[in-house]
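Fold and contact review
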There are 2 protein chains.
Amino acid sequence: MNTSDRLLEQISGALSALSYPVCPEGLYEPVAYVLGMGGKRIRPMLMLMAYSLYRDDTEKVLPAAVGLETYHNHTLLHDDLMDRADMRRGKPTVHKRWNDNTAVLSGDVMLILAFRHYLSCTCGHKDEMLGLFARTAQEICEGQQYDVNFESRTDVSVEEYLEMIRLKTSVLLACAAKTGALAAGAPEAEAEALYAFAERIGLAFQLQDDYLDVYGDPAVFGKKIGGDILCGKKTFLLVSALGRASVSQRDRLLALLAAGTMPPAEKIRAVTALYDELDIADVCNEAIGRFYAEARDFLERLDVPAERKEMLWDYVTALLGRSR
Amino acid sequence: MNTSDRLLEQISGALSALSYPVCPEGLYEPVAYVLGMGGKRIRPMLMLMAYSLYRDDTEKVLPAAVGLETYHNHTLLHDDLMDRADMRRGKPTVHKRWNDNTAVLSGDVMLILAFRHYLSCTCGHKDEMLGLFARTAQEICEGQQYDVNFESRTDVSVEEYLEMIRLKTSVLLACAAKTGALAAGAPEAEAEALYAFAERIGLAFQLQDDYLDVYGDPAVFGKKIGGDILCGKKTFLLVSALGRASVSQRDRLLALLAAGTMPPAEKIRAVTALYDELDIADVCNEAIGRFYAEARDFLERLDVPAERKEMLWDYVTALLGRSR
């Protein structure tokens, strides 16, 4: 079994071993339900992988890894409530299966449980880990608020968009990686490089997601193509297109997105044609490549054996589904 | 200026001095709004007063006091959302003034900010303070869930009711008092006695609240009499009455509470008459007196100068609005 499979098994084992109070079941059942939905456990994986660049006793940082995954699932629970999303990973979301109030309260207790998991860590540098976690959680709220604000705006710049996704998704990956390094007692500069590494990986992931929504192979992507176009979501493709468009192209694009009665397939085709006119696929791929290269550079700087770096690199490239 | 006025001024000063990031304003404006609504700041006051039993440099524990008040206001924000309450302290609640999603997200960030305030403390025993805070926050979620569960039940026992209000309201007062003692470096037994003291005070407060809803002087109470009766709320009076009632009294009481078309004043009069038949006012006053006496006993045990104990006792008796 290779290292990353072994670490994933360690995380799955720790998550399955979690037990919650039996009462009140209306509070704790949804917590177990959400954490039992599965997922790739990317954040705890990054934490354990960063830790294992320096030390092998990864069980020491496991409570923080479980805390971060609990926190992540808290954000999914509350985001699904705010987005009125009915399904996640093929199952009804908590506010659908139970109700809105259960989603609020069980989500709150998951945030508290995340802190309690962190507090139960017996590794060193706990104060820094907790400080980083709390700051990151605050940033993620900011990212979520910017995302909401962007819904009603048509003048979002590429820079603003990148800052929003950095806050909403990348800082959590960055926090995971840096926490692993801190817990392992790595020097501050190494921990910071791992933060920057995972932050760039997070940006590349999100841009790839935006790209695949339009240019992906539906058989591989696993979601219907064009979903973001149909709901008028601000994506890297859309904000880049609005930024590069001439006045007439911009008017056409905004008119298309506002067209409520146009058949879905036609809308997707027309918006994609405009993206093609503006070379948005290339623009997006270049940005992904840039973040990917920056991530690689930060990884190179680490003062750890090359084969340990490769393990981490192999893991993130496998997630991104390609090697550049 | 006496000690408690000075401490309240210190707390008010610390809360007014708080500043939040300017952006995104949709996230932070509601936070400042809720914390700016005022209130008696009972929890930070208990923390500082407990601290000042042992030490005078109360500014050391101020970040935790601000954290606990921020946390308390987070619970008010999310509880108001769940209860669909329109007003608090004469102002529209956050979900009314903004919207539900703002209430969820700004409430979440307040919970995170509460932990960040705690983390910024420079006093000793921070780990124990944080552990107690996180455990308490989890208990309060449990109390809120039990409160929700009780709405649809008519077989809630007095013991269950007391455990619910202990979790929902008393443990936070207890946490406040114990945290002050921990931060001041008081011995564990003293910190525990202060926990038990404030827990009993919290129970007495809640029972007094239940009592005044029916037997209070509307001019003094500040709320309309009988509100709990009209919304069928499980209170100490109601669960005690249901527990003491004969089969026929119980049937009458449940029929009265379920009577949707009865004029409000008539319903209040009829339920109060049933309470009177069952001596519920005496039962409630006895319970308040018992918790009050227990609190006093725990205070007596403390190994601190008598005049410092009296300052704390005077503060809580003034809040309770009477001396027994």
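Nothing here was measured: the structure is a model prediction, and the numbers come from that model.

Notes on the overall build of chain A
A tally of regular secondary structure across chain A gives 16 helices and two strands. A globule of 324 residues ought to have a C-alpha radius of gyration of about 20 Å, and chain A, at 20 Å, matches this closely. Overall, the C-alpha framework of chain A stretches about 60 × 50 × 35 Å when taken along its three principal axes. For chain A, long-range pairs separated by at least 24 residues make up 73% of all intrachain contacts whose partners lie at least 6 apart in sequence. In the form shown here, chain A has an accessible surface area of approximately 13200 Å², with 51% of it arising from carbon and sulfur atoms. Here chain A holds 36 positive side-chain charges and 47 negative ones, and the gap between their average locations is 2 Å.

A closer look at the packing of aromatic side chains
Residues and elements named next belong to chain A. Inspection of every chain in the model, using the stated rule, returns 21 aromatic pairs over all chains. Look at Tyr20 and Tyr28: their rings are 6.3 Å apart centre to centre, the planes differ by 10°, and that puts the pair in the stacked class. Its relative accessible area of 2% is what places Tyr28 among the buried residues. When the ring of Tyr211 is compared with that of Tyr215, the centres are 5.2 Å apart and the planes differ by 35°; the resulting orientation is tilted.

With respect to the environment of A:Lys267
All names here are of chain A. Tracing the backbone through its elements, the reader meets Lys267 in helix H14 (residues 264–277). Overall, the relative accessible area of 7% leaves Lys267 in the buried class. Taking the C-alpha atoms as reference points, Lys267 and Gly226, 41 residues apart in sequence, are found 8.9 Å from one another. Residues within four places of Lys267 in sequence aside, it is in contact with Ile229, Leu230, Leu256, Leu257, Ala259 and Met262. From its side chain, Lys267 meets the backbone oxygen of Ala259 in a polar contact 3.1 Å long.

So, the side chain of B:Thr102
All names here are of chain B. For Thr102, the location among the structural elements is in helix H6 (residues 100–119). Looking at Thr102, the relative accessible area reads 9%, which means it is buried. Not counting chain neighbours up to four residues away, the residues in contact with Thr102 comprise Gly26, Pro30, Val94 and Gly107.

A few points about the relation of the copies chain B and chain A
When chain B is fitted to chain A, the residual RMSD is 0.0 Å, and the transformation amounts to a turn of 180° plus an axial shift of 0.0 Å. Given the turn and translation reported, the copies of this chain are related as if by a two-fold rotation axis. Both copies contact each other with a shared surface, as 100% of the interface residues of chain B are interface residues in chain A too.

A word on the confidence of the model for chain A
As a general rule, the predicted coordinates of low-pLDDT regions are not to be interpreted in detail. Chain-level statistics for chain A give a pLDDT mean of 95 and a share of 98% at 70 or above. Here the predicted complex scores 0.97 on pTM and 0.96 on ipTM.

Section: the interface of chain B and chain A
With 35 residues of chain B at the interface, the matching set in chain A holds 35 residues. With both chains or domains summed, chain B and chain A bury close to 3300 Å², and 68% of this area falls on carbon and sulfur atoms. One salt bridge connects A:Lys126 with B:Asp127, and the closest N-O pair in it is separated by 3.8 Å. Where chain B touches chain A, the interface holds ten residue pairs in polar contact (both at pLDDT 80 or more). Going through the elements one at a time, helix H2 (25–35), helix H4 (62–83), H6 and helix H7 (126–151) of chain B are the ones with two or more residues in the side of chain B that touches chain A.

Comments concerning the packing of helix H3 (residues 42–51) of chain A against helix H16 (residues 306–320) of chain A
Residues and elements named next belong to chain A. Closest axis-to-axis distance for the H3/H16 pair is 10 Å, and the angle between their directions is 165°. Taken as axis vectors, H3 and H16 run roughly antiparallel relative to one another. The way H3 lies across H16 gives a crossing that is left-handed. Together, Ile42, Met45, Leu46 and Met49 of H3 and Met311, Leu312, Tyr315, Val316 and Leu319 of H16 make up the contact between the two elements. Broken down by class, the residue content of the contact of H3 with H16 amounts to nine nonpolar, no polar and no charged.

Digging into helix H15 (residues 280–300) of chain B
Residue and element names in this part refer to chain B. For H15, which comprises 21 residues, the first-to-last C-alpha distance of 30 Å matches the rise-based estimate of 30 Å (1.5 Å per residue) to within 8%. All of the buried residues along H15 are Ile280, Ala281, Val283, Cys284, Ala287, Ile288, Phe291, Tyr292, Ala295, Phe298 and Leu299. Of the surrounding elements, those touching the buried residues of H15 are helix H8 (158–183), helix H9 (188–215), helix H12 (236–244), helix H14 (264–277) and helix H16 (306–320).

With respect to a negative patch on the surface
Taken together, the side chains of A:Asp276, A:Asp279, A:Asp282 and A:Glu286 define an acidic patch exposed on the protein surface. With respect to the helices, strands and loops of the structure, A:Asp276 is situated in helix H14.

Some words on the pattern of salt bridges
Under the definition given, this model contains 40 salt bridges over all chains. In this structure, A:Asp57 engages A:Arg55 in a salt bridge whose closest nitrogen and oxygen atoms are separated by 2.9 Å. Residue classification places A:Asp57 among the buried residues on the basis of a relative accessible area of 16%. Under the relative-accessibility criterion, A:Arg55 is labelled partly exposed at 36%. For B:Glu300, the salt bridge goes to B:Arg296, with nearest N and O atoms at 2.8 Å.

Things to note about unusual backbone geometry
The residue after A:Cys23, namely A:Pro24, is reached through a cis peptide bond having omega -10°. The residue A:Pro24 is located in the loop between helix H1 (3–16) and helix H2 (25–35) in this model. We note that B:Arg41 has phi near 55°; this positive angle belongs to a residue other than glycine. Here B:Arg41 lies in the loop between H2 and helix H3 (42–51). Positive phi outside glycine occurs at B:His125, with the angle close to 60°. Taking the relative accessible area as the measure of exposure, B:His125 reaches 38% and is therefore partly exposed.

Cut-offs and rules
Residues numbered from 1 in each chain as written. Chains lettered and ligands numbered in written order. Predicted model: local features only at pLDDT ≥ 70, side-chain atom pairs only at ≥ 80, totals over all residues. Heavy atoms only, no water. Helix = DSSP H or I, 4+ residues; strand = E, 2+ residues; numbered from the N terminus. Rg over C-alpha atoms; globule rule 2.2 N^0.38 Å. Contact = heavy atoms within 4.5 Å. Areas by Shrake-Rupley, 256 points an atom, 1.4 Å probe, with all protein chains shown as cover. Lys, Arg positive; Asp, Glu negative; His and termini not counted. Charge placed at Lys NZ, Arg CZ, Asp CG, Glu CD. Phe/Tyr/Trp six-rings, centres within 6.5 Å; stacked < 30°, edge-to-face > 60°. Buried < 20%, exposed > 50% of the residue type's maximum accessible area, 1.4 Å probe, protein only. Polar contact = N/O pair within 3.5 Å; in protein donor to acceptor, adjacent residues only side chain to side chain. Least-squares fit on C-alpha atoms with pLDDT ≥ 70 in both. pLDDT = per-residue confidence, 0-100. Buried area = accessible area lost by both parts, 1.4 Å probe. Salt bridge = Lys/Arg side-chain N within 4 Å of Asp/Glu carboxyl O. Axes fitted to C-alpha atoms, helices over the stretch in contact; angles between N-to-C directions. Parallel < 35°, antiparallel > 145°, perpendicular 65-115°, else oblique. Left-handed = near helix turned anticlockwise from the far one by under 90°. Nonpolar A, V, L, I, M, F, W, Y, C, P; charged D, E, K, R; others polar. Expected span 1.5 Å × (residues − 1). Patch = residues over 30% accessible without salt bridge, like charges linked within 9 Å, V, L, I, M, F, W, Y side chains within 5 Å.

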